[in-house]
Structure formats: C-alpha cells, structure tokens
Amino acid sequence: MVKPANRSLLRKIGQTGLILLICLPLSGQDSFFQDTVKINEVIISGKKANEVLAGYKKVRIDTAILSRYYHESLEDLLVENSGIFVKSYGLGGSATPSFRGTGASHTQLQWNNININNPMLGQADLSLVPAGLIDRVDISYGGSSLSEGTGGIGGIINLENKPVWRNGAIVSFSPLIGSFGHYSGQIKARAGSLNFQSSTRVYMSYSENDFEYYNDVTSAEPVKEVMENNETIMRGLMQEFYYRKSKDVLSARLWYQYADRNLPSSMLIPQSSLTEKQVDESLRAMVNYDGQFGISEYFITGAYTLSKLNYTNASASIDSHNRSESMIMKTGMMNRIGGNIRSKLILENEHVLVNSENYSEGKSGRNVLSLAAIAEVNSNGKLGATLHVKEILHGKTLLIPDFSTGLQFRITNSEEHYLKANFSRNSKLPSMNDLFWVPGGNQNLQSESALTYELTYEMTHQISLPLKAAFNVSAYHNSINNLIQWRPGNYSYWIADNVKNVNTSGIESSTTFEYNTTRMESSLKISYIYTNAITTGSDIHNDESIGKQLIYIPEHQVNGLLRFGYKGWYADWRTGYTGKRYTTSDNTSYLPGFVLNSISSGYSLQHRSKLFNLGLTVDNLFNITYQTIAYYPQPGRSFSLKLLIQIVK
Amino acid sequence: MKNLFLFVSVFVFLLSCTKENDAPGTFLEGSGVFIINEGNFMGGNGSLSFYSYDSAKIYNEIFLNVNGRPLGDVPNSMAISGERIYIVVNNSGKIEVVEKNTLESVKTITGLNSPRHISIISNSKAYVSSMYSDSVAVIDLSDNKISGYINIRHTSEAIAVLRNRAYIANWIGGREVMVINTDNDKVIDSIEVAVEPESMVIDKNKTLWVLCNGGWMRENFAELIAVNTSTNDVERKLVFPTKMSSPSCLQIAGDGSTLYYLESGVRKIKTDAMSVSASAPFIPEAGHYFYKLAVNPVNGDILTTDAVDYQQKGHLLVYSSTGILKTDERTDIIPGMMYFRLNSDFN
C-alpha cells in the first residue's frame, strides 16, 4: 500500500521510467515482523545494473526477512532463505557458497555491485559478513549474473545498502545473548532530510562457541567433549552518505570489518594441541553517482577494497601475512529506444594487487577490463527478450566473449504466469593464488567456462481476497569446462591445473501460500532443490570420479518456513532437510542427510515513536547430531534472546 | 528421547562413513604388505589396508573394522616390533599401538607434536620424528609412553638405524643428518648433506644413502649422497641432472646393492654408480601419479601407490622385479607408505 504522501512522487518517477526498485514495507510485514517503526517512506535504489531482465531468474531477500538476521551471518541467512548450499566448518569456522553444484569460486559476492570476493582465493567467506549490515540481498542465477559481474558461473550474490529519504532520524539498538557464550550488539542510526541521508551501523560480536558434542571417532564409544579454541570476535562499521538533487543521487559508503577467529578443528585432532588462528580485516570504500542525461540514465562507481588475512599456527611455526587490494571503476549507461527497447552498456575495470610471502617477489597483480552490452525488448509485458554480450581483457589477453540470451513469455494476460528461458556462456578467471602461488601457481591456466541452459516457470495467483499463492520451478543445465583444481605435480608439491569437465543440472522449485487478514497474517513456503553435479571428463588416469556426484554437493534439499502473526505477536518455524553429501570423489563415502528445525517467537510493541521487539529463537530444536564437513561437529540445541529498541524522531 | 536421537545419529553416521567392511581374519597372520592410507589433511579419513600375498587380495579399513573407530587424521608411518604394530598418525598427534595379528587396540600414545616417522631402536625403545618440533620423541615400548625427547635443533623426517647409531634427517629447509647414540639418546655428530634430506636407506656395505630433494622451491639440485657410517663422512655426491628433478621415496632392494626412487616413474641405480643418468624411468607412470614406493626385500616386487585425484580411493600397483605389472588393487584415500610383513616361508 503506497502511502498518500508519496503517490505524487511515485507517479512522477514512474512516468519517467525511473522506478528501478521500489520497496514498500507491506502492512503485513510491519505488523508482525516489525523491525522499524512505521514511517512514511519510499526507498529508492539507483542501481541500473541490478534489474531483473527478461528471461532470467533472480531472487530477492528483502528487509522484512533480513530484519530477523540482525545478529546472524550471511551464511545463516542464505542457508535458510535460498537454495544456495553453504559448506560450513561450523560455528566460528569459514563458510563458502555453492550455487547449483558449482564451487565456491564460481559464486561472486558483491557489495553494491562491486566484487568483494577475496582476490587471492577467488571466493568469499560468508561467515564474515554480518547480515545486519545489509538492507537487501539479490541472488542472480547463472546467465543473469553476466550483466552484473565477471566470474559468477554459478551466480552472484549482491549485498545492497539503500537510503531512506525522509526528514528526521531513526536510531536503533539491538543486543543479543545466546548459548555458547554468544553476545552481540548492533547500533543503527539514520538521519537526514529528503535530499541528504546519513546511515551509521556498528556491529560487535563475541562468541566462545564452546558447544558440547559427541566425539564418536577417537574411541569406540561416543565421548562428550567441549569445543575448544573456537572463540570468535567480530567488529564491523558501515557508514553511508547519500545526497540527491532532482533525480541524481551521489553516494559514498565505507565498510570496515574485523574478525579474529581461533580456527575450529576436526574432532580427530586433540583439542589441546590447537593453536590455529586467523585474523581477517577488510576495508571497502566506494563512491557512486547515479544520474540522468536526457533519455539516458547512467552510473559511475569507484571503489577500493583492502583485505588482510593473517594466519598463524604456533605449533607449525607458521605466521603468514597476506594483503590484497582492488581498485575498481565501473560505469554504465542505459537508453530507451522507443517504448519497448532498452539498451545498456557497462564498462568495468578491476586492478588487483596482492602482497604475500607466498608469491614470487612477494607480490603480484593483474588487470581485468570488461565491457558488457545488453539489449532488452519487452512487448507490453507479454513477450520479452534479452541479449547480453561481454568481452573481457585479462592483462593483455582478450578472452572468448561471453554471451547470454533470454526469452520471457507471459502465458495469460489476466494472471501472473510467466515462462522464462535463457542460454548463456559464462567464464571465470583463475584466482590470484591459482596463477601466482609459489609453489604450484600456474600462469598458463585457462579460464573456466560454462554453457548454461535454464527454463523457469513462475506464477502468482490471488486465490481469494486473503489467500495468495505463488509458485516457481526452474530446470537448468551447466556444462563447465576446464575446471581448475590443485593436483599433485611431479615436483613434490601440488599445482593448479585445468583438469576436469563437470556437468551440473537440477531443479529448483518453491511454493508459497499467504493468508492475510487485518489482524492475522500467516504464510507457508516450501522449496525443493535437486542438484546433479557430475564429473564428465578428467585428465587423470583411472579417475573413478567420472560419472559421480561432486563431493559435498547434496542431491536433495528441502526447506520449509511457516510464519504466523497476530497483532504484535509473531512466531515462525523453519525446517530444512539437507541430503547426503559424498566425501570422496568416487562416491564411496558420504555424510548422511539431516533435518534441522528452529523456532522463533516474540512480541513487538509500538508506542508512539518507539518500538520494542523481544524475540526468542531456538535453533536445532531437536538437538540432532550432524556434520556439514566430515568430523567437524556442529552445535546442538541453542537459544538466543534478542531485543530491539528503536526510536524515530 | 535425547539419547535415542543421539544413538540413531551416531549409528547412522558410523554406518555412512564405513562403506566397506572387510572383516579381519587370519589374513593378517600371513605374508603381505600394510598400506597406510593418509586420507585428506583435516579430512579424518586416514585408514589402514593390507594386501595379502597369500590370497592376492586387498583388505581395506582394517583398523576401523576391528576397533570401531577411524584411524585418525593423516596416518603417516608404522613400525612392527615383536607382537605390536605402532602406527603414527601425524595430524592427530598420536601413535596407535595395536596387536600385530589382530589389530586390536592396545593403547593410544598421545601428546606428540606432528609425528612423522617411527623407527624401532630396540625391544624397549623407538624414536619418532616431528615435522614441527625440533625434538625427536623417545617412546618407551614397555609401557607405551613418551619417555623423553632428543633436541636436534631442527624438524625431522626420515630415520635410519645401524647398530647403536640412529641417523635422523632434518626436514623443512634443513640440510643435515643428525647422529644419535641410541644407548644414551645423545646427539653425537651431524653430517652436512644437501637441502632437505627426504629419505634414507642403508646398503649392504653399511653405507648410508641420503636422498635430498633440493627443496620444494627447486632452488637447488637434488642429490643422492653416500655417507660412510664408520666415519660419518660424505663419500659420494650424485647430483641430479636438472633442478626440476624431484626424486623422492628412496628404497633399497633386498640384496642391498640397488637403490630405487620415484621421479616421474620408478627409477633405479646401483650403489656403485658414479652419476645419476637422465635416462627413461625403469617403470614409467603411464598416466598414474606414483605417490610412494616400496621394494619387497625377498622377491624384489616393486610396489607403488597411485593417489589418483587425492579425493578418491587410490591404487596399489605391484610390479615384478623386472617391471611387469602383476596386480592393481583399490586401496583407500591417498595410499602412502607401505610396510612388509613377510613370514619365513614367503618366497
């Protein structure tokens, strides 16, 4: 429901075709998942590169969902709200994403459309990203990632921060206390006017992570042990400034993140001998300008990211210091040609410099320049088509162009039934470690490439006034060539090489029912994901992995979410099944599937301009024993109590 | 209810992680070779296999099958002393002591810092090298405890024993072999060899052969060095032809006069050779990745392991002394060091 005060503004924006993303808190979301005092607001994100193009699948996790994860990491958010499988070493340990059976390096993590994967590893650790610092998450699958970044063979996860244009200030404080010595707190302050906004967020977290588990591998009978050397300290600061004049928006953002982690270990290793520790520190800064020039819209972004990773292992006398920097310039322009055709050009240059004792001469760098051209035809919403072409210049080497084409058809005029199809070629450059690590880095590596086919059906249907149903199903096939792996070489150390070809295919489906009345709201969402990730070719003699499922990729995942709210009370129940995951490439060993359940309940009270929200969450409700990586125990049942106090001026 | 969940979870987990159940039998009392499957670092899937010469069959996961628990994280070496087998599990920092004929656990010696190789000094004593520590651990075999440490001022790898002398090679970045008087566990001498002495054997003339791989950065030539054990002097240095030569796993035939090693295949050299030739390997890899090497001291069989992609079950390849492939058996993950158990009637 659009608030009256903003109707004229919306109309104006809509007429000029400037509505890019309009996110209005639904009344239902406000009532029982409330994280903000009701305010009259229109939120506009000016990212031209981030739209849903005809023929492609994109999933959005918005503020209403994110508000439940103030104190969680991006890992927890994605595990429970997307089809992305996360390979996690448990509380305090690293967590990497896997899209549609691809590897962690095939997923690109972006912050406001800027790549923030660690350049050395070519992947991101989701456990280091507090969900509370983010306003919205966009997940682009397969070919739809092509217009937004380079290297997202599996897809791209984009973390968005957005301004709220209003006069006054909003301040919130949210502390949490939980099991296993977990304490965290977040302070948010937004202030400004209709033309200027400042947003400050501070996040702190400390966790002992000293959960109990049963060690069934060091003796014949299970023995109860306590996880040691697993403390985690995290701190984060995000500062945003936004200034708009007419339709143009200038923004500046800064994100500092620090994590000091004692690394958890396998239950096979004596806890007393653990001395591993990792400190990750990152600084990200960006300036962005969104503007309009005649019938053209454009953006210019400049960004700098600095990542430090220090790893120490006292017993092994290892004290490794690594530092990587990225300078990114990105600009794009969109034009409308007539009423139905849009064209877009995006130019991006990323210069990376890595300082590491493990690189020749202690440092290496590279430059990647890409140009993407996109054309979209949309015939009155009935039929749409998109064509992407992207060219990448890696150093002085021009790569084979990537491309993608999408087609979208609205089946009926009266209902929201869509059929979408796309076909893409997407490529991923080797990581800096793949190229330059000494020993074993290989500067002759070829880029990995994937051919992707995807077919999606989506529908939304208002069955009756209070009851609404939504359904979508996608089938896809990825054929990945020149997969990079580290393999044993002839010189007593491992080398990076293009060794295998892999096919991944699968089905993703989701069904949602919402039943909303003036006082009561409820929803049920069930999703199922089938992933078939198979090695199809290998340079290795006697390789029994051919024709077998890739390790740590579950074939079956099911997630369910039931929500219920009545006036200020709310409750939800989440359940998720993760199927068995093979631990050897010849599929001779595996970890069994498991079902996790969690429940949350709380009460929101709004008194004038103040909001109080008290919530209790129980994770792993049935206290099951499970592992996502072999011999790395996961915690049993845990509790967390969180409070939100928010004041609006 | 809580206990039921626990029981079911643990039961299911154990079942799932144990796909093959080769029940141990009398095969362990026959002649054969133990294969230590290292498993993946931090993967916890290290295991023990036994290839029986009697039945020409391989038995996998034999430690797990007997003791109901995995062997540990990266088992690296073992030694047989009397009726006991001592299995060094590197990343678990322990030694599993088991009965030789049944593999039933006798004791687990813990508290070791990244142990690598074990060498039996006497009926009551063993030395254990360390990848991270500057000390060699001394194990009392009578009560299976750590009885002390010998500080050699460097990390250690291979151990060779002759009479009352133990020769212990430096490892990462080292270039010396330390000489220990095994009567009093004192360092009595050091021998400068070359960069990173990786493996050692003693030939029929009681010459100590040290294979130095030149360091993982390939900044130095690999060298095969002969040491006179009477004087602890270097007698001969055989330098490999290029810096890219990366030999490993020095072994010696039963007659004590032929050395074998891995370098893009199995190569051999006589102990009276004066140089290392750049000729083709005696047994080419032919698509395999040879990981470790052993030579049967009685019949001269040459055994290599192939770790394939290091994430799946590997292979034990048994070649005749003339280099003819006799058998190819599936082991477990990353098959590594091999240890013969040959009865007196084996031929």
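Residues numbered from 1 in each chain as written. Chains lettered and ligands numbered in written order. Predicted model: local features only at pLDDT ≥ 70, side-chain atom pairs only at ≥ 80, totals over all residues.

## A closer look at the overall build of chain A
Then comes step 1: When its secondary structure is counted, chain A shows five helices and 34 strands.
Then comes step 2: For a compact globule of 649 residues, the expected C-alpha radius of gyration is about 26 Å, and chain A comes in at 24 Å, within 12% of that figure.
Then comes step 3: Along the first, second and third principal axes, the C-alpha atoms of chain A reach 70 × 55 × 45 Å.
Then comes step 4: Taking all 649 residues of chain A together, 46% fall into the buried category.
Then comes step 5: Partitioning the contacts of chain A with sequence separation of at least 6, the portion at a separation of at least 24 is 62%. (Helix = DSSP H or I, 4+ residues; strand = E, 2+ residues; numbered from the N terminus. Rg over C-alpha atoms; globule rule 2.2 N^0.38 Å. Buried ≥ 20, exposed ≤ 12 C-beta atoms within 10 Å, placed from the backbone. Contact = placed C-beta atoms within 7 Å.)

## Details of the overall build of chain B
Then comes step 1: Helix and strand counts for chain B stand at two helices and 28 strands.
Then comes step 2: In summary, chain B has a C-alpha radius of gyration of 20 Å against a globular reference of 20 Å for 347 residues, a match within 12%.
Then comes step 3: Looking at the 347 residues of chain B, the share that counts as buried comes to 49%.
Then comes step 4: Here the analysis covers contacts within chain B between residues at least 6 apart in sequence; of these, 43% occur between residues at least 24 apart.

## Here we look at the pairing of strand 4 (residues 75-81) of chain B
When a strand is regular, its side chains alternate between the sheet's two faces.
Residues and elements named next belong to chain B.
Then comes step 1: A large share of strand 4 lies buried, amounting to five of its seven residues.
Then comes step 2: The pairing of strand 4 with strand 5 (residues 84-89) spans six bridges and is antiparallel. Note on strand 5: the bridge partner recorded for Met78 is Ile87.
Then comes step 3: Linking strand 4 back to strand 5 in an antiparallel pair, the connection comprises two residues, with Gly82 at a positive phi of about 60°. (Pairing = 2+ DSSP bridges.)

## A word on the nonpolar core
Then comes step 1: Within the largest apolar cluster, 99 residues are counted, with the highest numbers of intra-cluster contacts made by Ile87(B), Ile168(B), Met200(B), Trp209(B) and Val210(B).
Then comes step 2: Non-local contacts of Val210(B), meaning those with residues more than four positions away in its chain, are made with Ala169(B), Val177(B), Val193(B), Pro197(B), Met200(B), Ile225(B) and Val227(B).
Then comes step 3: Leu74(A), Ile153(A), Met286(A) and Ala303(A) belong to the second-largest nonpolar core, a separate cluster that totals 61 residues. (Core = buried A, V, L, I, M, F, W, Y, C linked by C-beta atoms within 7 Å.)

## Quick word on unusual backbone geometry
All names here are of chain B.
Then comes step 1: In this model, Asn144 sits at a positive phi of 55°, which is unusual for a non-glycine residue.
Then comes step 2: Along the chain, Asn144 turns up in the loop between strand 10 (135-140) and strand 11 (145-151).
Then comes step 3: Of note, the phi angle at Ser264 is positive, near 55°, even though the residue is not glycine.

## Some remarks on the interface of chain B and chain A
Then comes step 1: Each side of the interface is counted separately: chain B has 49 residues, and chain A has 44 residues.
Then comes step 2: Every element with two or more residues in the side of chain B that touches chain A is listed here: helix 1 (2-16) and strand 26 (313-319) of chain B.
Then comes step 3: Top contributing element to the side of chain B that touches chain A by residue count: helix 1 of chain B, with nine residues.
Then comes step 4: The class makeup of the residues in the side of chain B that touches chain A is 18 nonpolar, 23 polar and eight charged. (Nonpolar A, V, L, I, M, F, W, Y, C, P; charged D, E, K, R; others polar.)

## Describing helix 4 (residues 74-81) of chain A
Residues and elements named next belong to chain A.
Then comes step 1: The buried fraction of helix 4 amounts to seven of the eight residues, a majority that puts the element mostly inside the structure.
Then comes step 2: Taken residue by residue, helix 4 has Leu74, Glu75, Asp76, Leu77, Leu78, Val79 and Asn81 as its buried positions.
Then comes step 3: Buried residues along helix 4 sit against strand 1 (58-61), helix 3 (63-66), strand 2 (85-88), strand 3 (95-98) and strand 6 (136-141).

## Details of the environment of Ile333(B)
Then comes step 1: Here Ile333(B) is to be found in strand 27 (residues 325-333).
Then comes step 2: You can call Ile333(B) buried: it has 26 C-beta atoms within 10 Å.
Then comes step 3: The residues contacting Ile333(B), other than those within four sequence positions of it, are Thr584(A), Asn37(B), Gly39(B), Asn40(B), Asn45(B), Lys313(B) and Gly314(B).

## Observations regarding the environment of Leu303(B)
All names here are of chain B.
Then comes step 1: Structurally, Leu303 is set in strand 25 (residues 302-306).
Then comes step 2: Between the C-alpha atom of Leu303 and that of Ser321, which follows or precedes it by 18 residues, the distance is 9.6 Å.
Then comes step 3: If near-sequence neighbours (up to four positions away) are discounted, Leu303 is found in contact with Val33, Ala294, Asn296, Leu316, Val318 and Met338.

## Some thoughts on the sheet that holds strand 15 (residues 186-192) of chain B
In any sheet, the strands associate via hydrogen bonds between backbone groups, in a parallel or an antiparallel arrangement.
Residues and elements named next belong to chain B.
Then comes step 1: Read from one edge of the open sheet, four strands run 12-13-14-15, paired in antiparallel fashion. Pairing within the sheet leaves two strands with one partner each, and these edge strands are strand 12 (156-162) and strand 15. In this sheet, adjacent strand axes meet at a mean angle of 25° when their direction is disregarded.
Then comes step 2: The pairing of strand 12 with strand 13 (residues 165-170) spans five bridges and is antiparallel. Considered in strand 13, the bridge of Ser156 is made with Asn170. (Axes fitted to C-alpha atoms, helices over the stretch in contact; angles between N-to-C directions.)

## Focus: the confidence of the model for chain B
Residue and element names in this part refer to chain B.
Then comes step 1: Summarising the model, chain B shows a mean pLDDT of 89, and 93% of its residues fall at 70 or more.
Then comes step 2: Within the model, pLDDT remains below 50 along residues 4-22, and this stretch shows 31 contacts once partners closer than five positions in the same chain are excluded.
Then comes step 3: Both scores are given for the predicted complex: the pTM is 0.83, the ipTM 0.78. (pLDDT = per-residue confidence, 0-100.)

## A closer look at the environment of Val179(B)
Residue and element names in this part refer to chain B.
Then comes step 1: Mapped onto the elements, Val179 comes out in strand 14 (residues 176-181).
Then comes step 2: Judged by C-beta crowding, with 20 C-beta atoms within 10 Å, Val179 ranks as buried.
Then comes step 3: Taking the C-alpha atoms as reference points, Val179 and Glu192, 13 residues apart in sequence, are found 11 Å from one another.
Then comes step 4: Not counting residues within four places of it along the chain, the set of residues in contact with Val179 comprises Arg165, Tyr167, Ile188, Asp189, Ser190, Ile191 and Asn232.

## Quick word on the sheet that holds strand 7 (residues 155-160) of chain A
All names here are of chain A.
Then comes step 1: Pairing is mixed in the open sheet, where five strands are placed in the order 1-6-7-4-5. The open sheet has two edge strands, strand 1 and strand 5 (114-115), and neither has a second partner.
Then comes step 2: Taken together, the six bridges between strand 6 and strand 7 define a ladder with antiparallel strand orientation. What sits directly across from Asp138, in strand 7, is Asn158.

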